[in-house]
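Observations on the model geometry
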Amino acid sequence: MVPEGIDAAGDETFIGEQIRALRRIKGFTIQQVADGAGISTGYLSQIERNRSKLPIGVLKKIANMLGVQISWFFQPETLGPPEERDLIVRAGRRRKMSFTGTGISEELLSPNLLGPIELLLSTIDPQADSDFYSHDGAEAGLVIEGVLDLWIGEKSFRLEAGDSFSFSSTEVHRCANPGTIPTKVVWVITPPHY
């Protein structure tokens, strides 16, 4: 997959560039951030240059080290009319995030991450895989297109369009698209994870 970044308002900005900028603003060396995130300096350097896969779990560790939530890497949302702000998300104003090298992109369907739930639309490219990770909270989802392989703890499931699921996010979980067309999944996560 060609590296993609966060594109909320039409301007592409790669996540790696944002990591490097934030690291420099906070006065951290590449060694300090790599050590704090439990990764090598070479790997972090590749991430900052958008030349390496960036799984969600690794991004979370980097974000924690830099003292921000993953949501920091979303560009500021395109605001709608004042009466719609914090209530409505128009299709053309969704905040978007792609994880470099994973083949997974997300669109934030909830107006913001300030409330108790987060609503996302994930697009998972054929053969893409999230790798295993866990976090606080609970989540549920609905496969709206394609096929989804889902692992929850020791269990694995193959889901198709129309199938739904729910589980505790503290369980190690993973999803992948074993198919030949993109898989689309609507996720509900509480509390917001990004």
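Everything discussed here concerns the structure shown above.
Below, the structure is looked at part by part. (Residues numbered from 1 in each chain as written. Predicted model: local features only at pLDDT ≥ 70, side-chain atom pairs only at ≥ 80, totals over all residues. Heavy atoms only, no water.)

Describing the nonpolar core
Residues Ile19, Ile39, Leu54, Ile62 and Phe73 are the most contacted members of the largest nonpolar core, which totals 19 residues. Where this core is concerned, the elements lending two or more residues are helix 1 (15–25), helix 2 (30–37), helix 3 (41–48) and helix 4 (56–66). In terms of residues, this core owes the most to one element, helix 4, which gives five residues. Other than its neighbours up to four places away in sequence, Ile19 contacts Leu44, Ile47, Glu48, Leu54, Leu59, Ile62, Leu66 and Phe73. Residues Leu108, Ile124, Cys175 and Ile189 belong to the second largest nonpolar core, which totals 17 residues. (Core = buried A, V, L, I, M, F, W, Y, C linked by side-chain atoms within 4.5 Å. Buried < 20%, exposed > 50% of the residue type's maximum accessible area, 1.4 Å probe, protein only. Helix = DSSP H or I, 4+ residues; strand = E, 2+ residues; numbered from the N terminus. Contact = heavy atoms within 4.5 Å.)

Thoughts on empty space enclosed by the protein
To find leftover empty space, one rolls a probe the size of a water molecule over the atoms. Tallied over the entire structure, the rule returns two cavities of 30 Å³ or more. Of the volumes computed, that of the largest cavity is approximately 150 Å³. Together, 18 residues line the largest cavity, and Ile56, Glu106, Tyr133, Cys175 and Trp187 are the ones closest to its centre. Counting residues per element, the ones that place at least two in the lining of the largest cavity are strand 2 (104–108), strand 3 (118–124), strand 8 (173–176) and strand 9 (183–190). Looking at the lining of the largest cavity, its residues break down into ten nonpolar, five polar and three charged. (1 Å grid on protein atoms, 1.4 Å probe; cavity = no way out; pocket = protein on both sides within 12 Å on 5 of 7 lines; lining within 4 Å. Points joined across faces, edges and corners; volume = space filled by probe spheres on them. Nonpolar A, V, L, I, M, F, W, Y, C, P; charged D, E, K, R; others polar.)

Digging into the packing of aromatic side chains
Applying the stated rule across the entire model yields three aromatic pairs. An angle of 65° between the planes, with centres 6.4 Å apart, marks the rings of Phe132 and Trp151 as edge-to-face. Of this pair, Phe132 sits in the loop between strand 3 and strand 4 (138–145) while Trp151 is found in strand 5 (residues 147–152), placing the two residues 19 residues apart along the sequence. Ring centres of Phe165 and Trp187 lie 5.0 Å apart, and the angle between their planes is 70°; on these two criteria the pair is classed as edge-to-face. In this pair, Phe165 sits in strand 7 (residues 164–168) while Trp187 sits in strand 9, placing the two residues 22 residues apart along the sequence. You'll find Phe165 and Trp187 in the same group, each marked buried. Members of the aromatic cluster, joined through ring pairs, are Phe165, Phe167 and Trp187. Sitting over the ring of Trp151, Arg174 keeps its end group 4.2 Å from the ring centre. (Phe/Tyr/Trp six-rings, centres within 6.5 Å; stacked < 30°, edge-to-face > 60°. Lys NZ or Arg CZ within 6 Å of the ring centre and 35° of its normal.)

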